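Structure at a glance
Chain residues, written in single-letter form:
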Amino acid sequence: MQYAVVIEKGERNYSAYVPDLPGCAATGDTLEEVRHEIRAAVDFHIEGLKEDGIPVPDPTTVCDYVDASVG
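Residues numbered from 1 in each chain as written. Predicted model: local features only at pLDDT ≥ 70, side-chain atom pairs only at ≥ 80, totals over all residues. Heavy atoms only, no water.

The subject of this paragraph is the overall build of the chain. Secondary structure assignment for the chain yields 1 helix and 3 strands. Sequence-ordered secondary structure for the chain, helices as α and strands as β, is β-β-β-α. Against the 2.2 N^0.38 benchmark of 11 Å for 71 residues, the chain shows a C-alpha radius of gyration of 14 Å, more extended than a compact globule. Along the longest, intermediate and shortest principal axes, the C-alpha atoms of the chain span 50 × 25 × 15 Å. Residues classed as buried in the chain amount to 24% of the 71 residues present. Within the chain, counting contacts between residues at least 6 apart in sequence, those at least 24 apart form 30% of the total. (Helix = DSSP H or I, 4+ residues; strand = E, 2+ residues; numbered from the N terminus. Rg over C-alpha atoms; globule rule 2.2 N^0.38 Å. Buried < 20%, exposed > 50% of the residue type's maximum accessible area, 1.4 Å probe, protein only. Contact = heavy atoms within 4.5 Å.)

The following block contains the structure:
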């Protein structure tokens with residue numbers, strides 16, 4: 001399964017979250033680090049859901065980009 005991940009740049013670091021897995025989030029000092037951390041967070045989150053007998057949600061979020069018209 002592939003889950004959409006939103007990565008945001010903060011003042012001093014990056015943060016990431018997975019819209020289809022509420023509560024699944026990670027931070028990192030670099031883009032590479034936050035990508036590594038969110039992968040680990042997704043695995044941990046899904047493992048916890050399974051251990052608790054909670055169904056793992058199917059990925060449904062779709063990501064896309066739009067061009068902004070400026071001026």
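Once you've had a look at it, read on.
Quick look at the nonpolar core now. Most often, soluble globular proteins keep nonpolar side chains buried together rather than apart. Membership of the largest hydrophobic core comes to 13 residues, with the highest contact counts inside it found for Y3, V18, L21, C24, I38 and V42. Sorting the residues of this core by element identifies β2 (14-17) and α1 (31-51) as the ones contributing at least two each. The element that contributes the greatest number of residues to this core is α1, accounting for 6 residues. Beyond its immediate stretch of four places on either side in the chain, I38 contacts V5, A16, Y17, V18, C24, A25 and A26. (Core = buried A, V, L, I, M, F, W, Y, C linked by side-chain atoms within 4.5 Å.)

Taken together, the side chains of D29, E32, E33 and E37 present a region of like negative charge at the surface. With respect to the helices and strands, the residue E33 is situated in helix α1. Residue E33 is classed as partly exposed on the basis of its relative accessible area of 32%. (Patch = residues over 30% accessible without salt bridge, like charges linked within 9 Å, V, L, I, M, F, W, Y side chains within 5 Å. Areas by Shrake-Rupley, 256 points an atom, 1.4 Å probe, with all protein chains shown as cover. Salt bridge = Lys/Arg side-chain N within 4 Å of Asp/Glu carboxyl O. Lys, Arg positive; Asp, Glu negative; His and termini not counted. Charge placed at Lys NZ, Arg CZ, Asp CG, Glu CD.)

On to the state of the cysteines. Evaluation of the coordinates by the stated rule reveals 0 disulfides. Distance from the sulfur of C24, which forms no disulfide, to the nearest cysteine sulfur (C63) is 14 Å. You can call C24 buried: its relative accessible area is 3%. On the basis of relative accessible area, C63 is assigned to the exposed category, the value being 51%. (Disulfide = S-S within 2.5 Å.)

Here the focus is the packing of aromatic side chains. A full pass over the atoms with the stated rule returns 0 aromatic pairs. Residue placement shows K9 over the ring face of Y14; its charged tip is 4.9 Å from the ring centre. (Phe/Tyr/Trp six-rings, centres within 6.5 Å; stacked < 30°, edge-to-face > 60°. Lys NZ or Arg CZ within 6 Å of the ring centre and 35° of its normal.)

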